[in-house]
Amino acid sequence: MKKWILEEKEFKAKTALAYEGLFTLGSGYLHTRGSLEENVGHDPQNITAPKQPVANASNFDHAATVVVSHWGTYVPGVFARHPYMNEEIVNLPYFLGIAPTVAGEKLDVLESEISDYKRELNMKTASIERSLVWHTAEGDVKVKFERFISGVRTHLSVQRATFTAANETKITIKSGIDADVRTNGEDHFIEYGSLEGGALRSKVEQISDNAVKSTVQTNINKVFGTGDDTIYTVAETIADSAKWQYQPEDRRGFFVAEFTIPAGGTLVIEKRAAVTTSRDLHCHCGLDPQSPEQILSDAKALTYDQLFEEHKAYWAERWEKSDVDIESSEEEDDSQEAVRSSIFHLLRCHVAGDSRVAIDAKGTAGDLYYGRFFWDTEIYLVPFFLYTDPERAKTLVDFRIQTLDGARKNAAKLGYRGARFPWESDHKGNDCCPAMNWQYRDHEVHITADVVYAFAHYAANTGEEYLKDPKTAETIVETARYWIDRIDWREGDDYPSLLGVMGPDEYTALTSNNAYTNYMVKFALKLAAKYGKFGGATNEEITEFTKVAEKLPIVRSPKNKDLIMQCEEFDSFAEPQFDKIWKDRTKHFAIFAPQERLYRSKCLKQADVLMLLYLFINEFTDAEIKAAWDYYLQYTTHDSSLSRGAHAVLASRIGLEQEAWDMFQGCKGQDLNVENGGAAEGIHIAGCGMNWQMVVFGVAGILNALQSDTFTLNPHLPKQWKKVSFPFVWKGQSLFVTLESGKTTVENKSDKAIEVVVAGKKAAIAAGKEEVF
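So, here's what we can say about the structure. Being a predicted model, the structure only gives us computed values, none of them experimental.

### Examining the overall build of the protein chain
Okay, so step 1: A count of helical and extended segments in the protein chain gives 20 helices and 29 strands.
Okay, so step 2: On C-alpha atoms alone, the protein chain measures out to a radius of gyration of 27 Å, which is about the 28 Å that the 2.2 N^0.38 rule sets for 773 residues.
Okay, so step 3: Dimensions of the protein chain, computed from the C-alpha atoms along their principal axes, are close to 85 × 60 × 55 Å.
Okay, so step 4: Within the protein chain, the proportion of its 773 residues that are buried is 62%.
Okay, so step 5: Look at the contacts in the protein chain between residues 6 or more apart in sequence, and 69% of them connect residues 24 or more apart.

### Focus on unusual backbone geometry
With the exception of glycine, most residues fall at negative phi, and the peptide bonds are largely trans.
Okay, so step 1: Phi angles above zero are rare outside glycine, and Ala103 is one such case at about 50°.
Okay, so step 2: Here Ala103 shows up in the loop between β7 (98–102) and β8 (105–106).
Okay, so step 3: One non-glycine residue, Ala126, lies in the positive phi region at around 50°.

### With respect to the sheet that holds strand β11 (residues 139–149)
Okay, so step 1: In spatial order, the strands read β1-β9-β10-β11-β12-β21-β18-β15-β14; together these nine strands make up an open sheet with antiparallel pairing. Of all strands in the sheet, those with a lone pairing partner are β1 (5–8) and β14 (202–206), marking the two edges. Across the sheet, the mean angle from the axis of one strand to that of its neighbour is 15°, orientation sign disregarded.
Okay, so step 2: Of the strands in this sheet, β12 (156–165), β15 (211–217), β18 (230–238) and β21 (266–277) touch helix α2 (residues 292–299), which is tilted by about 140° from β21.
Okay, so step 3: This element, helix α3 (residues 304–322), spans β10 (127–136), β11, β12 and β21 of the sheet and lies at about 45° to β11.

### Observations regarding the sheet that holds strand β28 (residues 761–765)
Okay, so step 1: One open sheet accounts for three strands, arranged β23-β27-β28; its pairing is mixed. The sheet is open, and its two borders are formed by β23 (711–713) and β28, each paired with just one other strand. Sheet twist, expressed as the average angle between the axes of neighbouring strands with direction ignored, equals 25°.
Okay, so step 2: Pairing geometry for β23 and strand β27 (residues 754–758), over three bridges, is parallel. If you follow Phe711 over to β27, its bridge partner there is Val756.

Cut-offs and rules
Residues numbered from 1 in each chain as written. Predicted model: local features only at pLDDT ≥ 70, side-chain atom pairs only at ≥ 80, totals over all residues. Heavy atoms only, no water. Helix = DSSP H or I, 4+ residues; strand = E, 2+ residues; numbered from the N terminus. Rg over C-alpha atoms; globule rule 2.2 N^0.38 Å. Buried < 20%, exposed > 50% of the residue type's maximum accessible area, 1.4 Å probe, protein only. Contact = heavy atoms within 4.5 Å. Pairing = 2+ DSSP bridges. Axes fitted to C-alpha atoms, helices over the stretch in contact; angles between N-to-C directions.

The following block contains the structure:
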């Protein structure tokens, strides 16, 4: 059971924010950071000081107005306007608060005298439990807090607080809703442009003897046509024989009651909260919208334990489809916890049946990156769902179809035909990257081709009909029209070029014929030529798509034909002078080097050519991979958390076992690294997806459905592991793969036979049978 538990053994101000992010709970629809119930540290949550953009996205100033705690309550798709950062996800009213007071002392783990502190995130049951002994003036009180957000009733949060007193103790409980919260320093519940205290769009009111209701409306963005969502939150606090007194405060509402706990006795407080939004009225997910009052009423007859049991059963089903079980040879190896926590947050983040949203870059666990959607969706997140729960993968790829109109507007704004997907997208497909970050907004254009790659990847594992669907095909064609306008034909060249491009490596800007981008665009244009007739392309357009796809160059080194150049200019850039400039390798290189130096030097933020080779690993030779590895690794800073994953898989492919392990180690535990910030600003959700890919595509050596028509794997089990096993869905058939030293077992859990290739050996596995290789 230990491998299912993430534990905070001691509360420290330094690590509090990191645990808040790491212990985020969610149902897909509703998410809450792992803040403590009693609001530790007196950190104000209502300081209005809107965050401003910075020029270098790898050198954010993460200084916050809150030191120990930052509340976060999020519903994906609820966006509003930020004065400097465009659209952002909105931090919603906080309902988790349960504050006990004894003898005039409010519980505060930083100021109160406590012992035996322990907090656990149980990933198997998606729940948090915290216990401690509070040494009060009236004697010791054992305190236990429990909570979960129901996976079955996705709008419902359930909490329980238990207080056991050694002596007779009078205790006061304060519980309610605090709607006076901020998102990146912005108050989204006043009219946009008004000063604090003006045009308030927030109301908190008592609606029963033990229930308080918050109604807030987000500010309106008339330019993007977004905002103006209404969010309803109802919280009810339950205790036997409680005489609650309602205590209204500015934009807050609380119930307060005093209890006497007899010596050796126990007080149990239960709190249930339900959240709904006006967006629910427009969800095409097959569910009828309900009010928060109705949600609470429907659960009223069920006890905490009964609600928890149905929630646990739901999570057991999710884990059965997706868990990776690792048996390590080394006791101190935390690979299991790292991979399992990654899967936990991937499962938590996905909104079932709702293609109006994807998964934001911080896993709906913090304000950083503003709840927006990046290429992370297509490259890092889709594969996990595609091979564990394909139906959920469909909502992620369909998200881009839902936001096609926004992509069209983005293209038209720049004078192009077709559709140009934004680097930072809100739920409408609006380009939200601020003007100060123009280099990413205007030049990191590969995202538009990444979208088409994900369409093809999804179809490869689920069926070609997806690409023939008129909506999918139309989206593919519209991106192709954009690329035809975006290319240049330079004088004297008989081939087209993509100029002024930034590839995945964000330290190399405004380059010519970036290999990753060009290869992705070639792929997308070929797909548009093949399926264009289903999406409205003319014969002339299809001919043009084919011509450009064939002629768009992939630049190679004149010194070594196996070496693909990142761009035309790369070999002429200055040496990065790492030894002279990079004084502390535990920090990002960008902290020591100004942006102008980054842009003129051979320094990579993350894998670029190697990312290309990873995604199309079947189309390149080991010699080509090794040439790129030898050339680019020396220049790669790994300043991006996404860098090492592709390196790990490629190292496994070319037999660099130690390098593969080292890259895995450098990537897998970024959210678990609480001493250095970890998930303080939110979960590295793309890294979570990459952790799964490193095991499945790296250690197991599985070729994805774009790379092979037959289920193929070439295992590379690390010497540090005894065994690894996981479920895998291949073209509608459920498999279970187990790797051990010198042995691979593939179980066919489907109702028909399947052809497989394991380490070069072909076999047919009958339905319900397994084969050992």
